Amino acid sequence: MRERLFDLGLWLLLSVPVLLRSDPNDGGSRLQVALGVVVLGGCVAVSRRWPLLALAATVAASLPASLELFTPSYSLALVAFGYLAGRRQEHTRAALWLFGAVAVAGLALTWLTRTSLGQWFTLLLALALAVVAPWLIGRYVRQYDRLVRSGWELADRMEREQAAVADRERLRERSRIAGDMHDSLGHDLALIAIRAGALEVSPELGPDQQRAAGELRRAAADATARLRDIIGVLREDDSAAPTSPPGETVEELTARARASGLAVTLAPTPVPTLPGMAGLALHRVVQEGLTNAARHAPGAAVSVTVDQDPTSARVRVVSGPGTGGTDSGGADSGGGTGLVGLDERVRLAGGTLDHRATDDGGFALTAVLPRNPPAPLPAAPTSARELDRARREVRRGLARAIWIPLALLAALGLLMAGVALWTQARSYLEPADYDRIRVGQSLAEIDEEAEDWPDRPLDGPPRGAPAEPPGMDACRYYRATMLAAVPVYRLCFADGHLADKAEVP
């Protein structure tokens, strides 16, 4: 419904100049006005499906009224349908063929009606300003909409892909957390089972107490088996066995790294302990930082600092530039996903993670972990880079929409200037040749004596020229200078011989 109302309003708007008949050449009769209104209505009706057909029909209605293509009745329609053709047409080749056909048709009509080339240049100028320029603006608007739409679609797809990767890493990290829980909880259950087994065989307890201790031992063993089965489902198929003992402290972790040859300093010692998930996240941040430093910056010194206040703890692992000829520790240990998993672990603990390169070429890994229950999770990032790329494409399209019309106008101006100079050169008579010819010579003698006789004379005398001498058969006028319209040379002939020559001011 909205499209129909828009088309109706467009038809009424474009019909107003035709109905006003502001130019006597634009359909002075009622029949021509009625035909113009009907043609515009048909153009509006087909402009959505065949926009170039509507533009071609408008040009065909405007050309018979004026060879210069500029008519008050149809100029607004040319601008409107030129814009709609650029806005609605998918490909540009057909439009370029149409523009070329209009230019060729105008040149052919100029030759058939034997009018000057100036009208054809005016047609080209009107075509560039009233048709091509709106068409380029329409192309820009179409490109803008397409780029914005594709930019949002690409951004949405990338966000879904990033979300899928992040979800996979979160699940992987949660499986690691489940493994940590299995290690610690299984160890506790094993201790319970051992203590219960000791009570079961203790001679100091009665039969009922020993039977209860046995049931406790079997329950702890069953719970350990069920925990192992559940964690086995959560673990990935290719996950390796843990290489660090359960319950390892940060001091023990750094000592083990130092024993492996890594230059590690830890401050302060002892490291403050954090409860629950925050403590496991603290251990994992230090482990990830040391792993990255050992893998990507061999020989670099690594400093681990843990600061705390009443509400949070801040752990920072800084590695210097490597001495082994490889990159610094900026790459993570998971092939591009280790930091994602680490970020998930820190996030689940209610903290924040930051990683960046240092000024000296090293790498810094920083985490802030709360001592209280986890805070709300931060929002997921957006695809700002893709949106910025779409904006750059739109700006380039706008630049093209501006410089292409300017280039066309400049080329048209150069063409008009060249043709004007060529036309003037054909009717230019050299002053030396003018002085050389004499009254009484025939045309053949003049042509033989002149070194470069003009191809053709001017169409007529300049405005305000004096009357021609009486008794002459014909008078010819030639340019006396190349660029100025006056003065001109007048050569009058009678009986095939030059009877009078004069310089007309």
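For the structure itself, consult the block above.
Position numbers for residues count from 1 along each chain, tracking the sequence in the order it is written. In view of the model being predicted, local features appear only for residues whose pLDDT reaches at least 70, and side-chain atom pairs are presented and counted only at 80 or more, with totals across whole chains, interfaces and linings using the full set of residues. Water and hydrogen atoms were dropped before computing side-chain values, which therefore reflect all heavy atoms in the structure.

Visitor: Is there a simple way to explain the overall build of the protein in this structure?
Guide: The helix and strand inventory of the protein stands at 13 helices and eight strands. Here the term buried applies to any residue with accessible area under 20% of the maximum for its type, exposed to any over 50%, and partly exposed to those in between, with areas from a 1.4 Å probe on protein chains only. Looking at the protein as a whole, 37% of its 505 residues qualify as buried. Only heavy atoms enter the contact rule, under which two residues are in contact if any of them lie within 4.5 Å. Long-range contacts, defined as pairs at least 24 residues apart, comprise 65% of the intrachain contacts of the protein with a sequence gap of at least 6. In this description, accessible areas are obtained by the Shrake-Rupley approach with a 1.4 Å probe, and a residue is regarded as covered only by the protein chains that are shown. Carbon and sulfur atoms provide 60% of the accessible area of the protein, an area that totals close to 28800 Å². Each helix corresponds to a stretch of at least 4 residues labelled H or I by DSSP, and each strand to a stretch of at least 2 residues labelled E; elements are numbered beginning at the N terminus.

Visitor: Which parts of the structure should I look at to understand the pairing of strand E5 (residues 363-370)?
Guide: In summary, the side chains of a regular strand alternate between the two faces of the sheet. Extensive coverage of E5 is indicated by the burial of seven of its eight residues. Relative to E5, strand E3 (residues 312-319) is paired through eight bridges, and the arrangement is antiparallel. What sits directly across from Val 318, in E5, is Ala 364. Any two strands with at least two DSSP-identified bridges between them are counted as paired. Pairing geometry for strand E4 (residues 352-357) and E5, over six bridges, is antiparallel. Looking at E5, one finds that Arg 356 is bridged to Ala 364. Between E4 and the antiparallel strand that follows it, E5, lie five residues; Gly 361 among them carries a positive phi value of about 95°.

Visitor: Sorry if this is basic, but what is going on with the environment of Asp 495 here?
Guide: By the secondary structure assignment, Asp 495 is in the loop between strand E7 (488-494) and strand E8 (497-504). Under the relative-accessibility criterion, Asp 495 is labelled exposed at 68%.

Visitor: How do you make sense of the packing of aromatic side chains when you look at a structure like this?
Guide: Geometry of an aromatic ring pair is reported as the spacing of the ring centres plus the angle between the planes. Working definition: rings of Phe, Tyr and Trp (its six-membered ring) pair if their centres are within 6.5 Å, and the pair is stacked with planes under 30 degrees apart, edge-to-face with planes over 60 apart, and tilted otherwise. Going through the model one piece at a time under the given rule, you end up with two aromatic pairs. Taken together, a centroid distance of 3.9 Å and an interplanar angle of 5° make the contact between Tyr 434 and Tyr 489 stacked. Placement of Tyr 434 in helix H12 (residues 431-436) and of Tyr 489 in strand E7 is noted, with a sequence separation of 55 residues between them. Like Tyr 434, the residue Tyr 489 is buried in the burial classification. Here Lys 501 stacks its cationic end above the ring of Tyr 434, 4.2 Å away from the centre of that ring. By the criterion adopted, a ring carries a charge over it if an Arg CZ or a Lys NZ lies within 6 Å of its centre and within 35 degrees of its normal.

Visitor: Looking at this structure, how should I read helix H1 (residues 2-20)?
Guide: Note that an α-helix has 3.6 residues per turn; residues three or four places apart therefore point the same way. In this analysis, the expected span of each helix is defined as 1.5 Å times one less than the number of residues it contains. Look at H1: 28 Å from first C-alpha to last across 19 residues, which is about the 27 Å you get at 1.5 Å a residue. For H1, the secondary structure elements touched by its buried residues are helix H2 (30-46) and helix H4 (75-88).

Visitor: Honestly, the sheet that holds E5 in this entry has me stumped. Any pointers?
Guide: Taken in spatial order, the five strands line up as E1-E2-E3-E5-E4 in an open sheet, and their pairing is mixed. With one partner strand each, in any of the chains shown, strand E1 (264-267) and E4 form the two edges of the open sheet. Strand after strand, the sheet turns through a mean of 10° between neighbouring axes, direction not considered. With seven bridges connecting them, strand E2 (residues 302-308) and E3 associate as antiparallel partners. When the bridges of E3 are listed, Ser 303 appears paired with Val 318. Geometry is summarised by axes, namely lines fitted to C-alpha atoms with helices restricted to the contacting stretch, and by angles between N-to-C directions that run from 0 to 180 degrees.

Visitor: What should I look at first to understand the environment of Gly 289 in this one?
Guide: As for its position among the elements, Gly 289 is in helix H9 (residues 276-296). Owing to a relative accessible area of 10%, Gly 289 belongs among the buried residues under this scheme. When the C-alpha atoms of Gly 289 and Thr 366 are compared, they prove to be 9.3 Å apart, with 77 residues separating the residues in sequence. Gly 289 has contacts with Val 317 and Leu 365, leaving out every residue within four places of it along the chain.

Visitor: What's the story with the nonpolar core in this structure? I'm lost.
Guide: Grouped burial of nonpolar side chains is what soluble globular proteins tend to show. In this structure, Leu 14, Leu 55, Leu 69 and Phe 81 are the most contacted members of the largest nonpolar core, which totals 37 residues. Mapped by element, the contributors of at least two residues to this core are H1, H2, helix H3 (51-62), H4, helix H5 (93-112) and helix H6 (117-200). It is H6 that provides the largest number of residues to this core, a total of 11 residues. Every residue in contact with Leu 69, bar those within four places of it in the chain, is listed here: Val 59, Ser 62, Leu 63, Leu 78, Val 102, Leu 123, Ala 126 and Leu 127. We define a nonpolar core as any set of buried Ala, Val, Leu, Ile, Met, Phe, Trp, Tyr and Cys residues linked to one another through side-chain atoms lying within 4.5 Å. One finds Val 304, Val 315, Val 346 and Leu 369 within the second-largest nonpolar core, a separate group that totals 29 residues.

Visitor: Please clarify how the sheet that holds E7 should be interpreted in this entry.
Guide: Adjacent strands of a sheet form backbone hydrogen bonds with each other and so pair up, either parallel or antiparallel. Pairing is antiparallel in the open sheet, where three strands are placed in the order E6-E7-E8. With partners counted over all chains shown, the strands left at the sheet margins are strand E6 (474-479) and E8, one partner each. On average, adjacent strands in this sheet sit at an angle of 20° to one another, irrespective of strand direction. In terms of strand pairing, E6 meets E7 through six bridges, oriented antiparallel. Paired with Arg 476 across the two strands is Leu 491, which belongs to E7.

Visitor: It is not clear to me how the state of the cysteines should be interpreted in this structure. Could you clarify?
Guide: A disulfide bridge is the covalent bond that connects two cysteines by way of their sulfur atoms. Cysteine sulfur atoms that pair up within 2.5 Å are treated as a disulfide. Counted by the stated rule, this structure contains one disulfide. In this model Cys 475 forms its disulfide with Cys 492; the gap between the sulfur atoms is 2.1 Å. Its torsion about the S-S bond being 105°, the disulfide of Cys 475 and Cys 492 is classed as right-handed. Placement of Cys 475 in strand E6 and of Cys 492 in strand E7 is noted, with a sequence separation of 17 residues between them. On the basis of relative accessible area, Cys 475 is assigned to the buried category, the value being 15%.

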